[in-house]
Amino acid sequence: MSRYVFKLPDVGEGIAECEIATWRVKLGERVTEDQPLVDMLTDKAAVEIPSPVAGVIVALHGEAGDKVAVGGPLLEIETAADHVESGKIDAIVAPKAEVAAPVAAAAKAAPAAAAPVAVSIRPDGEKPQTSPAVRKRARELDVDLNAVPGSGPRGRITLDDVVGHAQQSTSASLDTPAQARATRDERSSVVAADDAVEAIKVIGVRRKIAETMQRTMQRIPHFAYVEEIDVTELEALRQHLNNVHGKTRGKLTLLPFLVRALVKVRSRFPQINAIYDDEANIVHRHAASHIGIATQTPQGLVVPVARNAQRLDLWGAAAEIRRLADAARAGKAKREELSGSTITITSLGAMGGIVTTPVINAPEVAIIGVNKMLERPMYKNGILVPRLIMNLSSSFDHRIVDGFDAAEFIQAIKALLEHPATLYID
């Protein structure tokens, strides 16, 4: 019987640390070789880490949201598990039974009618682990956290632990069952009051999004440029192509047309199809168009990349956008599919609003936001006619892109989208 300390392996791309996203195993669980142990989150994607050996999980070094350095201990596995005594495993997986013993002993020794005495269950100097919201509730309920066993990961005290402890303490100090019931009902109503606060730890993809957005807004001086596009002819063409080829080649949305427009104008605006390394003070202008497609997933916003979009025809671009979005939403996008974009498109479809101010997907220098289409009365050749109008709301990095260049760039896209035949004329 031996204990195997499994250290976080190198996940590539020079990554020095990863965040624990989701544990796939729990203490005391028997695992087989190559069984998934944990999902680790890098700056690019979630990585599934398999077990190198078979055995029983006896220690987890961290909880969801914690960061682990490459080469640092991740978990421990007792090998030759068939020879491990169940009592020893119970002692490992249920350490709270040991610290709860003094409380149980004190309660047993105390007279039945006496008010409960707060007994510390932690060594001197050890601070109870919990959230600020739970500490606030404990103060409101006059609960000593030192006397509360935690049921959360690694003994962390939860709101339920505090509420349960408060109710038990109140019940023990009352003279009659009727009083106990009345006070318990009153306490429950207080706990379930409208001012209850749920503390949610920001971890995983959501934390990466928060860190990236904060860093981007702090470092990049954004400016916005909004222009309305008459997409009447474009929408008529899209519907016609879907009616003729939709069943055999797939349905087209507006995005493949916008991808085509970006590809067409890239050579005229090389400073916009670019990456800015602001630490080295170098702008990398790309000949190829690697277009990011901002995609909402159950885990949060991610940006898969349609690489070499200049090589894709209309249906090829549509198929690639659909494939990338499906993979991202299913959590199956590869790491290389989530990085390397040179410009990004973001669209909320029918919920796109009239105007948005999208945040640049650093280290890019521009992002194009698609707003919803609206039918509006417009004058055309002196006649009032209904037209489909859609705004493009774009943001640019003012360190690299001047306002005049941004305006010319969007006007070039506008001209192509308003005269869709020119999208395919070289």
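Refer to the preceding data block for the structure.
Residue numbers here run from 1 along each chain, matching the order of that chain's written sequence. Predicted model: local features are reported for residues with pLDDT of at least 70 only, side-chain atom pairs are reported and counted for 80 or more only, and whole-chain, interface and lining totals are derived from all residues. As a rule here, side-chain values come from all non-hydrogen atoms in the structure, and water together with hydrogens is ignored.

## Side note on the nonpolar core
Part 1 of the argument: Ile-291, Ile-345, Phe-396, Phe-409, Ile-413 and Leu-417 are the most contacted members of the largest nonpolar core, which has 46 residues in total.
Part 2 of the argument: Top element by residues in this core is helix α8 (residues 255–265). It accounts for eight residues.
Part 3 of the argument: Any two residues having at least one pair of non-hydrogen atoms within 4.5 Å are treated as being in contact. Residue contacts for Ile-413: discarding those within four places in its chain leaves Leu-258, Ala-261, Leu-262, Val-265 and Leu-392.
Part 4 of the argument: By nonpolar core we mean a set of buried residues, namely Ala, Val, Leu, Ile, Met, Phe, Trp, Tyr and Cys, connected to one another through side-chain atoms within 4.5 Å. Buried, partly exposed and exposed residues are distinguished by accessible area as a fraction of the type maximum, computed with a 1.4 Å probe on protein chains only: under 20%, between the cut-offs, and over 50%, respectively. Counting residues in hydrophobic clusters, the runner-up holds 20 residues, among them Leu-37, Val-47, Ile-57 and Leu-74. In DSSP terms, a helix is any run of H or I states spanning at least four residues, a strand is any run of E spanning at least two, and both are numbered starting from the N terminus.

## Considerations on empty space enclosed by the protein
Part 1 of the argument: A cavity here means a set of points on a 1 Å grid, drawn over the protein atoms and nothing else, where a 1.4 Å probe fits but cannot get out; a pocket is an open set with protein on both sides within 12 Å along at least five of seven lines, and a residue lines either one if it has an atom within 4 Å of a point. Grid points are joined across faces, edges and corners, and a volume is the space filled by probe spheres set on the points. Within this structure, the stated rule accounts for three cavities of 30 Å³ or more.
Part 2 of the argument: As a volume, the largest cavity reaches approximately 60 Å³.
Part 3 of the argument: Residue lining of the largest cavity: Leu-262, Val-265, Arg-266, Phe-269, Ile-272, Asn-273, Ser-289, Ile-291, Ile-343 and Phe-409, and that is the complete set.
Part 4 of the argument: Here the lining of the largest cavity is built from residues that sort into seven nonpolar, two polar and one charged.
Part 5 of the argument: Estimated volume of the second largest cavity: approximately 40 Å³.
Part 6 of the argument: Lining the second largest cavity, in full, are Pro-256, Val-259, Arg-260, Val-263, Ala-309, Leu-312, Asp-313, Leu-314 and Ala-317.
Part 7 of the argument: Secondary structure elements with two or more residues in the lining of the second largest cavity: α8 and α9 (314–329).
Part 8 of the argument: By residue number, the principal contributor to the lining of the second largest cavity is α8, which donates four residues.
Part 9 of the argument: Its residues assigned to classes, the lining of the second largest cavity comprises seven nonpolar, no polar and two charged. Each residue is assigned to one of three groups, with Ala, Val, Leu, Ile, Met, Phe, Trp, Tyr, Cys and Pro labelled nonpolar, Asp, Glu, Lys and Arg labelled charged, and all others, Gly among them, labelled polar.

## Notes on the side chain of Asp-230
Part 1 of the argument: With respect to the helices and strands, Asp-230 occurs in strand β9 (residues 222–230).
Part 2 of the argument: Pairs of N or O atoms within 3.5 Å make up the polar contacts considered here, provided that, within protein, one atom can donate a hydrogen while the other can accept it, and that residues adjacent in sequence are counted only when both atoms are side-chain atoms. A distance of 2.6 Å separates polar atoms of two side chains, one belonging to Asp-230 and the other to Thr-232.
Part 3 of the argument: A polar side-chain atom of Asp-230 sits 2.9 Å from a polar atom in the side chain of Arg-387.
Part 4 of the argument: Those residues in contact with Asp-230 that lie beyond four places of it in its chain are Arg-387, Leu-388, Ile-389, Leu-417 and Glu-418.

## Overview of the packing of aromatic side chains
Part 1 of the argument: Stacked, edge-to-face and tilted labels apply to pairs of Phe, Tyr and Trp rings (six-membered ring for Trp) whose centres lie within 6.5 Å, assigned for plane angles under 30 degrees, over 60, and everything in between, in that order. Counted according to the given criterion, the structure contains four aromatic pairs.
Part 2 of the argument: For the ring pair Phe-269 and Phe-409, a centre distance of 5.5 Å and an interplane angle of 80 degrees mean the geometry is edge-to-face. Taken as a pair, Phe-269 in the loop between α8 and β10 (274–277) and Phe-409 in helix α10 (residues 403–418) lie far apart in primary sequence, 140 residues in all.
Part 3 of the argument: For Phe-269, a relative accessible area of 4% puts it in the buried group.
Part 4 of the argument: Members of the aromatic cluster, joined through ring pairs, are Phe-223, Phe-269, Phe-396 and Phe-409.

## Here's the deal with the packing of α8 against α9
Part 1 of the argument: Comment: axis = line fitted to C-alpha atoms, over the contacting stretch for helices; angle = value between 0 and 180 degrees taken between N-to-C directions. Viewed as axis vectors pointing N to C, α8 and α9 meet at an angle of 115 degrees, and their least axial separation amounts to 9 Å. With respect to α9, the axis of α8 lies roughly perpendicular. α9 is crossed by α8, and the crossing has right-handed handedness. Judged by residue contacts, Leu-255, Pro-256, Phe-257 and Val-259 of α8 engage Leu-314, Ala-317, Ala-318 and Ile-321 from α9.
Part 2 of the argument: Across the contact of α8 with α9, the residue classes break down as eight nonpolar, no polar and no charged. Working definition: roughly parallel below 35 degrees, roughly antiparallel above 145 degrees, roughly perpendicular at 65 to 115 degrees, and oblique for all remaining angles. For any helix crossing, the convention is left-handed if the near helix is rotated counterclockwise from the far helix by under a right angle, and right-handed if that rotation is clockwise.

## Structural notes on the environment of Pro-358
Part 1 of the argument: Tracing the chain through its elements places Pro-358 in the loop between β16 (343–347) and β17 (366–380).
Part 2 of the argument: Put simply, Pro-358 and His-222 are 136 residues apart on the chain and 9.4 Å apart in space, counted from C-alpha to C-alpha.

## Topic: the pairing of strand β11 (residues 282–285)
Part 1 of the argument: Bridge count for β10 against β11 is four bridges, and the pairing is antiparallel. Bridge pairing links Asp-277 to Ile-282 in β11.
Part 2 of the argument: Hairpin connection, β10 to β11: the antiparallel pair is bridged by four residues, and Asn-281 has positive phi, about 60 degrees. Strands pair, by our definition, only if DSSP identifies at least two bridges between them.

## Quick look at the packing of α8 against α10
Part 1 of the argument: Interaxial distance between α8 and α10 falls to 10 Å at its minimum, and their mutual angle equals 125 degrees. Considered as vectors, α8 and α10 are oriented oblique to each other. Taken as a pair, α8 and α10 cross one another with a handedness that is right-handed. Taken together, the residues of α10 that come into contact with α8 (itself represented by Phe-257, Leu-258, Ala-261, Leu-262, Lys-264 and Val-265) are Phe-409, Ala-412, Ile-413, Leu-416 and Leu-417.

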